[in-house]
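What follows is the residue order along each chain.
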Amino acid sequence: MTGTRGYGYTDTLDAEHYTKAIRADIHGGLTSTPKSTAPTWFYDARGSELFEEITQLPEYPLWRAELGLLRLHARDVAARTAARSLVELGSGSSTKTKLIIEALGPTGLNYVPVDVSADALHQASAQLVQDYPGIRLHALRTDFTAPLVLPELPEDGPRLIAFLGSTLGNFRRPARGPFLRGLRDIMRPGDFLLIGADLVKDEQEMIAAYDDTQGVTAEFNKNLLCVLNRELNADFDLDVFDHVAVWNSRESHIEMRLRSRAEQLVKIRELDLAVHFERGEEWITERSAKFTTEGLAEEIIGAGLRTQELWADSDAGFALILATAE
């Protein structure tokens, strides 16, 4: 644990965490059938810039819909929870969280941003302590998909755990239950969980959100190849892959894929691995689940949580759900 730049900081990850994780996921994912890897590796500096561009695209309403719901209901969340500690999983830039911070009252509020990126945590935390001098901020660098251990927080009120951006949708259904139950296990009586979730919409509308006319999402998807070329000394040729977005109705998620335009053999030297692609073979690079309000409520119940409030934007197809432990 260290203090830096006016806030506390705990790093639970060893220096080799990123290297070990990318090696394991890429090796396992590209030797499986079908080929499938985690979306984590999109987010180098360029990937993060591209994602910020995606959030502003007309075809991608998710970011704006959640922001709109938070503007409408942040005060409702504050009134319902009276939380004096706010924990945000996958905090990133903490842009939307400012609405919750201001509704709860920043002076004396304990805020714990949780992210795997040290750079994102330092940048956002430095800005927040400047914007809200009275806030008590303790950044936590960890992999929140593993069992989560929070820094010690004062017991001067309920805690609110926020999991925004429909990041829950990056978990496949079999993994969502254990993840939600893990959050349930660290919640004390009176604590709350706030989840943002993208809802099922018209199929073409959902596909367009992941395959925009300007090609920004395609560049974002192909940026994964740049990351692997750099980090794992691979020789992916970006021009031999096409970006594809597909709605998987059986599992209720959008899949982003890279489709090989030709039969090819790609060398990943750091893994001592040669990966064969057939012409037309598709590699799943991201799965993004879409929910119904009924299905989301059932998953909340299945994790031992109880829904207190559900706010939905039926036009944009997004929901916020506020739950407590049973």
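Since this is a predicted model, take the numbers as computed values, not measurements.

K.L.:
Whenever I open this one, the pairing of strand β5 (residues 136-141) confuses me. Can you help?
P.N.:
On a regular strand, one side chain projects to one face of the sheet and the next to the other, so that they alternate. In terms of residue burial, β5 counts as a mostly covered element, since five of its six residues are buried. Here four bridges tie strand β2 (residues 7-11) to β5, and the two strands are oriented parallel to one another. In the strand pairing of β5, Asp11 is matched with Arg141. Across four bridges, strand β4 (residues 110-115) lies against β5 in parallel orientation. Across the sheet, residue Asn110 finds its bridge partner in β5, namely Arg136. In this fold, the crossover linking β4 to β5 by way of helix α5 (residues 118-131) has right-handed handedness.

K.L.:
Explain the packing of aromatic side chains here, please?
P.N.:
Given two aromatic rings, one states the distance between the centres and the angle between the planes to describe the pair. Summed over the entire model, instances satisfying the criterion amount to 18 aromatic pairs. Ring geometry for Phe42 against Tyr43: centres 6.3 Å apart, planes inclined by 85°, an arrangement best described as edge-to-face. Seen from their ring centres, Phe163 and Phe171 are 6.5 Å apart, and the 65° between their planes marks the pair as edge-to-face. Through a chain of ring-to-ring contacts, the aromatic side chains of Phe42, Tyr43, Phe51, Tyr60, Tyr210 and Phe220 assemble into a single cluster. Here Lys35 stacks its cationic end above the ring of Phe277, 4.9 Å away from the centre of that ring.

K.L.:
What should I look at first to understand the pattern of salt bridges in this one?
P.N.:
Where side chains of opposite charge bring their charged atoms close, a pairing between them can arise. For the coordinates displayed, the defined rule picks out 23 salt bridges. Glu251 is the partner of Arg172 in a salt bridge, and the nearest nitrogen-oxygen pair spans 2.8 Å. A residue pair is termed long-range when its members are at least 10 positions apart, and Arg172 in the loop between β6 (159-163) and α6 (173-186) and Glu251 in the loop between β8 (241-248) and β9 (253-260) qualify at 79 residues. Of the residues examined, Glu251 reaches a relative accessible area of 28% and is grouped as partly exposed. Ionic pairing is found between Glu299 and Arg173, a salt bridge with its closest N-O pair at 3.6 Å. Separated by 126 residues along the polypeptide, Glu299 in helix α9 (residues 293-302) and Arg173 in helix α6 bring together distant segments of the chain.

K.L.:
What should I look at first to understand the nonpolar core in this one?
P.N.:
Side chains that are nonpolar tend, in soluble globular proteins, to be buried together. Core analysis: the largest hydrophobic core is formed by 71 residues, its most contacted members being Ile26, Leu160, Leu194, Phe236, Ile268 and Trp283. Top element by residues in this core is helix α3 (residues 62-81). It accounts for nine residues. Discounting chain neighbours no more than four positions away, the residues touching Ile268 are Ile26, Leu30, Leu232, Asn233, Ala234, Phe236, Leu273 and Val275. Judged by nonpolar contacts, the second largest core, of 30 residues, contains Leu89, Leu183, Leu199 and Leu305.

K.L.:
Can you help me understand the side chain of Lys290 in this one?
P.N.:
Structurally, the position occupied by Lys290 is in the loop between β12 (282-289) and α9. A distance of 2.6 Å separates polar atoms of two side chains, one belonging to Lys290 and the other to Tyr210. What Lys290 contacts, discounting residues up to four positions off in sequence, is Leu62, Asp198, Leu199, Val200, Met206, Tyr210, Trp247, Ser252, His253 and Ile254.

K.L.:
Looking at this model, I keep getting lost on the sheet that holds β8. Mind explaining?
P.N.:
Sheet strands pair via backbone hydrogen bonds, and the direction of the pair is either parallel or antiparallel. Spatially, β8-β9-β12 is the arrangement adopted by the three strands of the open sheet, whose pairing is antiparallel. The open sheet has two free edges, formed respectively by β8 and β12, since each of these has just one partner strand. Strand-to-strand twist in this sheet, taken as the mean axis angle between neighbours without regard to direction, amounts to 20°. In the sheet, β8 pairs with β9 via eight bridges, with the strands oriented antiparallel. From the neighbouring strand, Val246 faces β9, where its bridge partner is Glu255.

Thresholds applied
- Residues numbered from 1 in each chain as written.
- Predicted model: local features only at pLDDT ≥ 70, side-chain atom pairs only at ≥ 80, totals over all residues.
- Heavy atoms only, no water.
- Buried < 20%, exposed > 50% of the residue type's maximum accessible area, 1.4 Å probe, protein only.
- Helix = DSSP H or I, 4+ residues; strand = E, 2+ residues; numbered from the N terminus.
- Pairing = 2+ DSSP bridges.
- Right-handed = clockwise from strand over helix to strand, strands pointing away.
- Phe/Tyr/Trp six-rings, centres within 6.5 Å; stacked < 30°, edge-to-face > 60°.
- Lys NZ or Arg CZ within 6 Å of the ring centre and 35° of its normal.
- Salt bridge = Lys/Arg side-chain N within 4 Å of Asp/Glu carboxyl O.
- Core = buried A, V, L, I, M, F, W, Y, C linked by side-chain atoms within 4.5 Å.
- Contact = heavy atoms within 4.5 Å.
- Polar contact = N/O pair within 3.5 Å; in protein donor to acceptor, adjacent residues only side chain to side chain.
- Axes fitted to C-alpha atoms, helices over the stretch in contact; angles between N-to-C directions.

All we've got here are geometric facts, nothing functional implied.
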